[in-house]
Amino acid sequence: MILNLVLAVVGAALVGLPAHWFRIDSATCAAWPSVEIGVSCAVVYAAGVALLTVAWVRIALSPVRSPTSLRWVVLGGVVVHLVSLVGLPYLSQDPLFYAAVGRSMTVHGAGPGQPLSQVLPPDDPFLAPMPATWRDGTSPYGPGFHLVARAVAAIGGGELWLHLRLYQVIGLLCMLAAALIVAAAARRPHDDDADPGAPARAAALVLFCPLAVVEGTQSGHNDGFIAVATAGFAWAFARRRPALGTAALVTGLLTKLSALLWIGVNLVQIAADRWRRIARDRRAHLYWAGVALAAAAVALLAFAQREWLLAQLRRVTALLDDPNASLPYCTRSIECLPRALLRWWSGDRWASWALGLGFRVVAGIWLVFMAVRSHEPDRRLGGLATALVIFYLYLHAWAQSWYLLPLLPLLPFVDRARRAPMLVYCVTATLYYALTLPLGCPKGELWVGISEILETIVTIVPPTLVLARRRSA
């Protein structure tokens, strides 16, 4: 166990080290490090991910049934995450946006719907390092996260580095909370055949995962809050309280609207199960009356929050893209290459847009299909995980690795055959950053195209090969 912890600690240190050159509050495209530095940091980062992966597999996936200390897993995991904080965030600029939103609300009294460039002065240190295309942006986040952003801004004051560090600490706390809740969900005290090491390994699957270290803590993404919500969902299902589980998922909306994907699949699962149960029940009309009352209550709430919902709806429709946009709304997705070829080779922007729309339709069909197929209570956790993993792996246009953070609490409850591609995806979705360090700032359309193709190959091909191998077996 000591060897595994050493491997994880060294890996976490290597993962955080490139922040010295690439931290988001200073490494703008105008001051991007040289290619030589980028390649060197990419090698260091890839080595760190490799060591984290080895330690993760050895700790969390050991076939030995002897009990592993949950306390050891939690303390060791916290040490690993703390070591990753050797550097500030550098792989994603989202925490920079969090900090700017918090500053605009706290210092300047602005609302989250006001563009940052209209609130923050042009020379504001929170606005200056931000990409130009982000400066006119408004907050896409929910009211719960806005409270967090206000609290961080109140503590951090005018020190941007402190804001970023606080978001990292919050990310660590989210990963720790998710791991502890999952451990509680995996504990079965009244089952004589229960594996005594299951809670510790369930916690390790979350806490030692490279994705949790890189995206949850080092990059400080707020999707960690949704990971806590899905952990609560898993715990409720383990305790046979499905209604409480759905309520736990709903809390994810306090952070961001992407939680709707998890909620939507779960609600279709519940609806499919209820439909089959009441199909021959003479009291079915009472059920549908309850559904109608619930729908009316939701409609009233939506009307009361119509301004916020309309703003969020505009963000959702961005996924449908604009055929006249300068670039397709697409990254690290299998649809990106054919859409790019249609746009620039044949010059048909509308065909490119229609192809993207086709992917959205297929995605909707897939999610509904998987929800209906996994409607039985004992299959819902695995069905939810499978539906969302395939969606993000093949059908989501704007594929970002931190979107997978809510998946981690479900991993312990997915059968081994389906779990293997998910585990590989959690690694490859983290590993592709090794390409972004030397290729980070675009130097023309050809440069963007090459980096996108390479990143897509690294992210998608390995889990696809594992999935194909499992299917053939």
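Scope of this entry: the structure provided in the associated data block.

Let's shift gears to the overall build of the protein chain. Scanning the protein chain for helices and strands turns up 20 helices and 0 strands. Across the 473 residues in the protein chain, those meeting the buried criterion constitute 48%. Considering only contacts in the protein chain between residues 6 or more positions apart, those separated by 24 or more positions represent 76%. Put simply, the protein chain shows about 21800 Å² of open surface, and 67% of that area lies on carbon and sulfur atoms.

Right, let's get into unusual backbone geometry. Excluding glycine, a negative phi dihedral is what most residues carry, and trans is how most peptide bonds are arranged. Phi is positive for Arg-240, which is not a glycine, with a value near 55 degrees. Summarising the element assignment, Arg-240 is placed in the loop between α10 (223–238) and α11 (242–250).

Take helix α1 (residues 2–16) next. Compared with an ideal rise of 1.5 Å per residue, which puts 15 residues at 21 Å, α1 spans 21 Å between its outermost C-alpha atoms and is within 8% of the ideal. Buried residues of α1: Asn-4, Leu-5, Ala-8, Gly-11, Ala-12, Val-15 and Gly-16, and no others. Seen along its axis, α1 keeps its buried residues to an arc of 125 degrees; they face one direction. Residues of α1 that are exposed and point over 90 degrees away from its buried face: Ile-2 and Leu-3. Tucked into the core, α1 has its buried residues touching α2 (19–22), α3 (35–60), α4 (70–83) and α9 (210–218).

In this model, helix α16 (residues 349–373) (25 residues) spans 36 Å end to end at C-alpha, consistent with the 36 Å of a helix rising 1.5 Å per residue. At the N-terminal boundary of α16, the capping side chain belongs to Asp-348, with an oxygen 3.3 Å from the backbone nitrogen of Trp-350.

Here we come to the environment of Trp-402. Among the structural elements, Trp-402 can be located in the loop between α17 (380–395) and α18 (416–431). Taking the C-alpha atoms as reference, Trp-402 lies 7.4 Å from Gly-216; in sequence the two are 186 residues apart.

By secondary structure assignment, the location of Gln-269 is in helix α12 (residues 259–278). Residue Gln-269 is classed as buried on the basis of its relative accessible area of 0%. Residues in contact with Gln-269, not counting those within four places in the same chain, are Ala-371, Ser-374, His-375, Arg-380, Gly-383 and Leu-384.

This part covers the pattern of salt bridges. Counted according to the given criterion, the structure contains 8 salt bridges. For Asp-25, the salt bridge goes to Arg-23, with nearest N and O atoms at 2.6 Å. Arg-103 is the salt-bridge partner of Asp-124, the closest N and O atoms lying 3.0 Å from each other. Remark: Arg-103 occurs in helix α5 (residues 94–106) and Asp-124 occurs in the loop between α5 and α6 (143–156); sequence separation between them is 21 residues. The two residues Asp-124 and Arg-103 agree in class, both being buried. The network of salt bridges with shared partners includes Glu-335, Arg-339 and Arg-360.

Close contact between α5 and helix α7 (residues 160–186) brings their axes to 9 Å; oriented N to C, the two are set at 115 degrees. Judged by the inter-axis angle, α5 sits roughly perpendicular to α7. Where α5 crosses over α7, the handedness of that crossing is right-handed. Every residue of α7 that contacts α5 at Pro-95, Leu-96, Tyr-98 and Ala-99 is listed here: Leu-160, His-163, Leu-164 and Tyr-167. A class-by-class count of the residues in the contact of α5 with α7 yields 7 nonpolar, 1 polar and no charged.

This part covers the packing of α7 against α9. Viewed as axis vectors pointing N to C, α7 and α9 meet at an angle of 135 degrees, and their least axial separation amounts to 7 Å. In terms of axis orientation, α7 runs oblique to α9. For the pair α7 and α9, the contacting residues are Gln-168, Gly-171, Leu-172 and Met-175 in the first and Ala-212, Gly-216, Thr-217 and Gln-218 in the second. Of the residues assigned to the contact of α7 with α9, the class counts are 3 nonpolar, 5 polar and no charged.

The next subject is the nonpolar core. Nonpolar side chains in soluble globular proteins tend to end up buried together. In this structure, Tyr-45, Trp-56, Phe-208, Leu-388, Leu-408 and Leu-411 are the most contacted members of the largest nonpolar core, which totals 89 residues. Among all residues touching Tyr-45, those that are not within four sequence positions of it are Leu-14, Val-15, Pro-18, Tyr-90, Leu-91, Val-214, Thr-430, Leu-431, Tyr-433, Ala-434 and Leu-437. With 23 residues, the next largest nonpolar core counts Phe-97, Ala-100, Leu-120 and Val-152 among its residues.

What follows concerns the state of the cysteines. Here, the word disulfide means a covalent bond between the sulfur atoms of two cysteines. Scanning the model with the defined rule gives 1 disulfide in all. Covalent S-S linkage joins Cys-330 and Cys-336, the inter-sulfur distance amounting to 2.1 Å. Linking Cys-330 and Cys-336, the disulfide has an S-S dihedral of approximately -95 degrees and is accordingly described as left-handed. When sorted by exposure, Cys-330 lands in the same class as Cys-336, which is buried. No disulfide involves Cys-209; its sulfur sits 4.4 Å from the nearest other cysteine sulfur, which is in Cys-426.

Moving on, we come to a nonpolar patch on the surface. A cluster of nonpolar side chains, contributed by Leu-337, Leu-341, Trp-345, Leu-446, Ile-450, Ile-453, Leu-454, Ile-457, Val-461 and Leu-465, occupies part of the molecular surface with about 1000 Å² of accessible area. Elements represented by at least two residues in the nonpolar patch include exactly α15 (336–345) and α20 (445–472). Of all the elements, α20 adds the most residues to the nonpolar patch, at 7 residues. Tracing the sequence through the fold places Ile-457 in helix α20. On the accessibility criterion, Ile-457 (45% relative accessible area) is partly exposed.

What follows is about the packing of aromatic side chains. Each aromatic ring pair is described using two quantities: the centre-to-centre distance and the angle formed by the ring planes. Inspection of the entire model under this criterion finds 18 aromatic pairs. Taking 6.4 Å as the distance between ring centres and 70 degrees as the angle between the ring planes, the aromatic pair formed by Phe-145 and Phe-225 counts as edge-to-face. Taken together, the residues Phe-145 in helix α6 and Phe-225 in helix α10 connect sequence positions 80 residues apart. Ring geometry for Trp-350 and Trp-353: centres 5.6 Å apart, planes at 80 degrees, overall edge-to-face. Taken as a pair, Trp-350 and Trp-353 lie in helix α16 at a separation of 3 residues, close to a single helical turn. Taken together through their ring pairs, the aromatic side chains of Tyr-98, Tyr-141, Phe-145, Tyr-167 and Phe-225 make up a single cluster.

Cut-offs and rules
Residues numbered from 1 in each chain as written. Predicted model: local features only at pLDDT ≥ 70, side-chain atom pairs only at ≥ 80, totals over all residues. Heavy atoms only, no water. Helix = DSSP H or I, 4+ residues; strand = E, 2+ residues; numbered from the N terminus. Buried < 20%, exposed > 50% of the residue type's maximum accessible area, 1.4 Å probe, protein only. Contact = heavy atoms within 4.5 Å. Areas by Shrake-Rupley, 256 points an atom, 1.4 Å probe, with all protein chains shown as cover. Expected span 1.5 Å × (residues − 1). Arc of directions from axis to C-beta. Polar contact = N/O pair within 3.5 Å; in protein donor to acceptor, adjacent residues only side chain to side chain. Salt bridge = Lys/Arg side-chain N within 4 Å of Asp/Glu carboxyl O. Axes fitted to C-alpha atoms, helices over the stretch in contact; angles between N-to-C directions. Parallel < 35°, antiparallel > 145°, perpendicular 65-115°, else oblique. Left-handed = near helix turned anticlockwise from the far one by under 90°. Nonpolar A, V, L, I, M, F, W, Y, C, P; charged D, E, K, R; others polar. Core = buried A, V, L, I, M, F, W, Y, C linked by side-chain atoms within 4.5 Å. Disulfide = S-S within 2.5 Å. Patch = residues over 30% accessible without salt bridge, like charges linked within 9 Å, V, L, I, M, F, W, Y side chains within 5 Å. Phe/Tyr/Trp six-rings, centres within 6.5 Å; stacked < 30°, edge-to-face > 60°.

By themselves, these are just geometric observations and shouldn't be taken as functional.
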